[in-house]
Amino acid sequence: MKHLQDLLKKEKYRKINFKVSKTQHLLIKATINGVSGNFILDTGASNSCVGFESIELFNLKAGKSKTKASGAGATGMFTQLAKNNSLKIGRWKTESFQLIIFDMTHVNEALLQHKAKPVHGIIGADILLQGKAIIDYYNHCLYLK
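Residues numbered from 1 in each chain as written. Predicted model: local features only at pLDDT ≥ 70, side-chain atom pairs only at ≥ 80, totals over all residues. Heavy atoms only, no water.

Asks: Help me understand the overall build of the chain in this model?
Replies: Across its full length, the chain holds 3 helices and 11 strands. Element order for the chain, N to C, with α for helix and β for strand: α-β-β-β-β-β-β-β-β-α-β-α-β-β. Along the longest, intermediate and shortest principal axes, the C-alpha atoms of the chain span 45 × 35 × 25 Å. Considering the chain as a whole, with its 145 residues, one finds that 40% of them fall into the buried category. Here the contacts in the chain between residues at least 6 apart in sequence split such that 59% fall between residues at least 24 apart. Surface exposure of the chain reaches about 8700 Å², of which carbon and sulfur atoms provide 53%. (Helix = DSSP H or I, 4+ residues; strand = E, 2+ residues; numbered from the N terminus. Buried < 20%, exposed > 50% of the residue type's maximum accessible area, 1.4 Å probe, protein only. Contact = heavy atoms within 4.5 Å. Areas by Shrake-Rupley, 256 points an atom, 1.4 Å probe, with all protein chains shown as cover.)

Asks: Would you mind going over the side chain of Asn108 with me for this structure?
Replies: The residue Asn108 is located in helix H2 (residues 105–113) in this model. Using a relative accessible area of 11% as the deciding quantity, one classes Asn108 as buried.

Asks: Explanation requested: the sheet that holds strand E10 (residues 134–136) in the structure shown.
Replies: Strand pairing within a sheet occurs via backbone hydrogen bonds; the two strands may be parallel or antiparallel. The strand order E1-E11-E10 describes an open sheet built from 3 strands, whose pairing is antiparallel. On the outer flanks of this sheet lie strand E1 (14–17) and E10, each paired with one strand and no other. Taking each pair of neighbouring strands and ignoring which way they run, the sheet shows an average axis angle of 25°. As paired strands, E10 and strand E11 (residues 141–144) are joined by 3 bridges and run antiparallel to one another. Note that in E11 the partner of Asp136 across the bridge is Cys141. (Pairing = 2+ DSSP bridges. Axes fitted to C-alpha atoms, helices over the stretch in contact; angles between N-to-C directions.)

Asks: When you look at H2 in this model, what are you seeing that I'm missing?
Replies: For an α-helix the count is 3.6 residues per turn, leaving residues at separations of three or four pointing the same way. By the burial criterion, the buried members of H2 are Val107, Asn108 and Leu111. Projected down its long axis, H2 carries its buried residues within an arc of 90°, all on one side. Turned more than 90 degrees away from the buried face of H2, the exposed residues are Leu112 and Gln113. Two residues or fewer past H2, Lys115 is found with a positive phi of approximately 60°. (Arc of directions from axis to C-beta.)

Asks: Looking at this structure, I do not really get the environment of Ile101. What am I missing?
Replies: Along the chain, the position of Ile101 falls in strand E8 (residues 92–102). When residues no more than four places from it in sequence are discounted, the contact partners of Ile101 are Val50, Gly51, Phe52, Ile55, Leu60, Ala62, Phe78, Thr79, Gln80 and Ala82.

Asks: I keep staring at the pattern of salt bridges and nothing clicks. Help me out?
Replies: Opposite charge on two side chains allows them to pair when their charged atoms are near. The final tally for this structure, using the stated rule, is 1 salt bridge. With a shortest N-O distance of 3.9 Å, Glu11 and Lys145 are connected by a salt bridge. Of this pair, Glu11 sits in the loop between helix H1 (2–10) and E1 while Lys145 is found in the segment after E11, placing the two residues 134 residues apart along the sequence. For Lys145, a relative accessible area of 39% gives the class partly exposed. (Salt bridge = Lys/Arg side-chain N within 4 Å of Asp/Glu carboxyl O.)

Asks: Any chance you could explain the side chain of Ser21 here in plain terms?
Replies: Mapped onto the elements, Ser21 comes out in the loop between strand E2 (19–20) and strand E3 (26–32). What makes Ser21 buried here is its relative accessible area of 10%. Of the polar contacts made by the side chain of Ser21, one reaches the side chain of Thr23; its length is 2.6 Å. (Polar contact = N/O pair within 3.5 Å; in protein donor to acceptor, adjacent residues only side chain to side chain.)

Asks: I keep staring at a positive patch on the surface and nothing clicks. Help me out?
Replies: Together, Lys2, Lys9, Lys12, Arg14, Lys15, Lys88, Arg91 and Lys93 make up a region of like positive charge exposed at the surface. Relative to the helices and strands, Lys12 resides in the loop between H1 and E1. (Patch = residues over 30% accessible without salt bridge, like charges linked within 9 Å, V, L, I, M, F, W, Y side chains within 5 Å. Lys, Arg positive; Asp, Glu negative; His and termini not counted. Charge placed at Lys NZ, Arg CZ, Asp CG, Glu CD.)

Structure (structure tokens):
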């Protein structure tokens, strides 16, 4: 695997370590608008999102959204949209990033039932695609370009 790290470094990828929770979720730290938080790295989530309770924490300007959120165990959930945010994961960053805001209570309750820590949100495929992500599951590393 050392060859992979060397190759990706030459290609200007940034290495970001993640942890695996008791529930087998990939956990990563990210900074939104200068504020650090804990997130699930979710390749199955189409958009990155945070819970309503994190609007003030991350200094988000929540606006209207016509999108209804769906996820494991829930469908048709009301959402809001926050545009023009900065996102930093490790040394990788992007500006003018948009977030879906929705009720993450069911996600965090499920984590707590398994004695896992709650999260502020989810990093989804929007960021993984933008960053040309490569996930090294064995070494618990995410690479973003």
